[in-house]
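# Fold and contact review
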Amino acid sequence: MAKLKILTYPDPILREQCAPVEHVDDDMRRLLDDMLETMYAAPGVGLAGPQVGVLRRILVMDPVSKKDEPGEPCQLINPEILAHGDLPRVFEEGCLSVPNMFAEVERPSSVRVRYIDRDGNQIERLFEGHAATVVQHEMDHLNGLLFIDHLSRLRRDLLIKKYRKGRRAEAL
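Residues numbered from 1 in each chain as written. Predicted model: local features only at pLDDT ≥ 70, side-chain atom pairs only at ≥ 80, totals over all residues. Heavy atoms only, no water.

Sheet topology note: the strand β3 (residues 74–84)/strand β6 (residues 110–116) ladder contains five bridges and is antiparallel. Across the sheet, His84 pairs through a bridge with Val111, a residue of β6. Note: β6 against strand β7 (residues 122–128), seven bridges, orientation antiparallel. Directly across from Arg112, in β7, lies its bridge partner Leu126. (Pairing = 2+ DSSP bridges. Helix = DSSP H or I, 4+ residues; strand = E, 2+ residues; numbered from the N terminus.)

Our next topic: the nonpolar core. Core analysis: the biggest nonpolar cluster contains 16 residues, and Leu59, Met61, Leu76, Val111, Val113, Phe127 and Val135 have the highest contact counts within it. Sorting the residues of this core by element identifies β2 (58–61), β3, β6 and α2 (129–142) as the ones contributing at least two each. Looking at which element gives the most residues to this core, the answer is α2, with six residues. With near-sequence residues (within four places) excluded, Met61 lies in contact with Met39, Val45, Gly46, Glu72, Pro73, Cys74, Leu76, Phe127, Ala131, Val134 and Val135. (Core = buried A, V, L, I, M, F, W, Y, C linked by side-chain atoms within 4.5 Å. Buried < 20%, exposed > 50% of the residue type's maximum accessible area, 1.4 Å probe, protein only. Contact = heavy atoms within 4.5 Å.)

This paragraph deals with the sheet that holds β6. Strand order in the open sheet formed by five strands is β1-β2-β3-β6-β7, with antiparallel pairing between adjacent strands. If you trace the sheet from one side to the other, it starts and ends with β1 (46–48) and β7, each paired once. For this sheet, the mean angle separating the axes of adjacent strands, direction not counted, is 40°. Running over the sheet, helix α1 (residues 26–41) touches β1, β2 and β3 and is turned about 40° from β2. Docked against the sheet, α2 engages β1, β2, β3, β6 and β7, running at close to 150° with respect to β2. (Axes fitted to C-alpha atoms, helices over the stretch in contact; angles between N-to-C directions.)

Moving on, we come to the pattern of salt bridges. Counted by the stated rule, this structure contains eight salt bridges. The salt bridge involving Arg30 is made with Asp27; its shortest N-O contact spans 2.6 Å. Taken together, the residues span about one helical turn, with Arg30 and Asp27 both in helix α1 at a distance of three residues. A relative accessible area of 46% means that Arg30 is categorised as partly exposed. Across the pair Arg114 and Glu80 runs a salt bridge whose closest N-O atoms are separated by 3.4 Å. Here Glu80 lies in strand β3 and Arg114 lies in strand β6, a separation of 34 residues in the sequence. Since its relative accessible area comes to 37%, Glu80 is described here as partly exposed. Overlapping salt bridges, with partners in common, bring together Glu93, Arg107 and Asp140 in one network. (Salt bridge = Lys/Arg side-chain N within 4 Å of Asp/Glu carboxyl O.)

Here's what the structure looks like:
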C-alpha cells in the first residue's frame, strides 16, 4: 500500500464532478486500500477520490476510527443516496482537504445508500448518526462540494479568510 497526497483547498480538482467507476478490478482495489492507508495516516474518518486527485465516484470511511476502538472501514464505489431520514443532525465537521477549519453543519441523521463494494457486489445500507454524517460529507466531494458550502455565506467567507491567513502564516 502507498500513502497518497491529499489535495487542499482551493485546488480546483476539489470542485470537479466525478465520473462513475465502470468496473472494479485489482487497480481499483489497490487504490481503495491506498486511500484507507492515507486516511488513517492523516488522521481522518473519510476520504473521497477527488481529495487524492482521482475524479471517480469512490470513497473510503471509518467513522469509528479511534486509537482505542476497532475500526469499521467501508469502501464505497458509485454510491448514491436512496433516502434521507426525517430528523436533522448537527455536527462539527472538518475536512482533510481544508485543514484546521471546523464548523457545525446540519445534515439528515440517517441515509440509505446503494453502492458497489470492493468485490463488485451491489450493497444497500442504512447509515445513521456519525456514519451518516461522514458518508454524506464524502459523497459531497464526489459532486465538487465541500462542507463549507453548507454554511451561510457570511460564516463561509469568515472561515475562508481565516483559513487563507493561516496558510500564509504557514508558508513563512
